[in-house]
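# Chain and residue survey
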Amino acid sequence: MAKTPEQIKQSYYTNIEAKTGVSIPDWLTRIQAKLQAKELARHSEIVNWLKAEHSLGHGYATLLAHDAMKAEQGD
């Protein structure tokens, strides 16, 4: 049976936390701080920062960037 999108997302979250030792809420807080400080503004900038500075894979970085941008917009 195929995984649901939510199950896939939770699997990514588990893998991110295992790889980095940083919780998802902590990642989102870090990204929010960069957004609020105007150090990052766009989805692609967040993805590139996570990949370059934290060695996250593209898929993991994209998911975190998406969730951070969504939170920033108040969704």
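Whatever comes next refers back to the structure up there.
Here we summarise the structure given alongside this text. Each chain carries its own residue numbering, running from 1 in the direction its sequence is written. Restriction of local features to residues with pLDDT of at least 70 applies here, the model being predicted, together with a cutoff of 80 or more for giving and counting side-chain atom pairs; totals for whole chains, interfaces and linings are based on all residues. Side-chain metrics in this entry use all non-hydrogen atoms of the structure; hydrogen atoms and water are not considered.

## Regarding the pattern of salt bridges
For this analysis, a salt bridge means a side-chain nitrogen from Lys or Arg found within 4 Å of a carboxyl oxygen belonging to Asp or Glu. All chains considered together, the criterion is met by two salt bridges. D67 is paired through a salt bridge with K9; the nearest N and O atoms lie 3.6 Å apart. With D67 in helix α4 (residues 58-72) and K9 in helix α1 (residues 5-20), this residue pair connects regions lying 58 residues apart in the sequence. Accessibility expressed as a relative area gives 25% for K9, which makes it partly exposed. For K34, the salt bridge identified is with E39, shortest N-O distance 2.7 Å. Burial classification: accessible surface area is computed with a 1.4 Å probe over protein chains only, and a residue below 20% of its type maximum counts as buried, one above 50% as exposed, and the rest as partly exposed. Residue E39 is classed as exposed on the basis of its relative accessible area of 52%. Working definition: helices are DSSP H or I runs of at least four residues, strands are E runs of at least two. Numbering for both runs from the N terminus.

## Thoughts on the packing of helix α2 (residues 24-36) against α4
Fitting a line to C-alpha atoms yields each axis, with helices limited to the stretch in contact; the angle taken between N-to-C directions then spans 0 to 180 degrees. Contact geometry for α2 and α4: axes closest at 9 Å, N-to-C directions at 65 degrees. Helix-helix and strand crossings are classified by hand; for α2 and α4 the assignment is right-handed. Counted together, I24, W27, L28, I31, Q32 and L35 of α2 and L64, D67, A68, M69, A71 and E72 of α4 form the full contact between these two elements. The class makeup of the residues in the contact of α2 with α4 is nine nonpolar, one polar and two charged. Note: crossing handedness is left-handed where the near helix turns anticlockwise from the far helix by less than a right angle, and right-handed where it turns clockwise. Residues are treated as being in contact if the distance between any of their heavy atoms lies within 4.5 Å. Side-chain classes are defined by residue name, with Ala, Val, Leu, Ile, Met, Phe, Trp, Tyr, Cys and Pro counting as nonpolar, Asp, Glu, Lys and Arg as charged, and the others, Gly among them, as polar.

## Some words on the nonpolar core
Core analysis: the largest hydrophobic core is formed by 20 residues, its most contacted members being I16, W27, I31, I46, L50, L56 and L64. Elements with a contribution of two residues or more to this core: α1, α2, α3 (43-54) and α4. Of all the elements, α4 adds the most residues to this core, at seven residues. What is meant by a nonpolar core is a set of buried Ala, Val, Leu, Ile, Met, Phe, Trp, Tyr and Cys residues, joined one to another through side-chain atoms within 4.5 Å.

## Considerations on the environment of A2
As for its position among the elements, A2 is in the segment before α1. On a C-alpha basis, the gap between A2 and K34 in space is 36 Å, while along the polypeptide they are 32 residues apart.

## Quick notes on the packing of α3 against α4
The geometry of α3 relative to α4 is characterised by a closest axis approach of 8 Å and an angle of 135 degrees between their N-to-C directions. Taken together, the axes of α3 and α4 are oblique relative to one another. Here the hand of the crossing between α3 and α4 comes out right-handed. In this structure, α3 contributes H43, I46, V47, L50 and K51 to the contact, and α4 contributes H58, A61, T62, L64, A65, H66 and M69. Roughly parallel means an angle under 35 degrees; roughly antiparallel, over 145; roughly perpendicular, 65 to 115; everything else is oblique.

## Describing α4
Owing to its 3.6 residues per turn, the α-helix aligns residues three or four sequence positions apart on the same side. A helix is expected to span 1.5 Å multiplied by its residue count minus one. With 15 residues, α4 should reach 21 Å at 1.5 Å per residue; the first-to-last C-alpha distance of 21 Å fits that figure. Within the span of α4, buried status applies to Y60, A61, L63, L64, A65, D67, A68 and M69. In this structure, the buried side of α4 is in contact with α1, α2 and α3. Note on α4: the residue one or two positions beyond its end, G74, has a positive phi of about 85 degrees.

No statement about biological role is implied by the geometric values presented.
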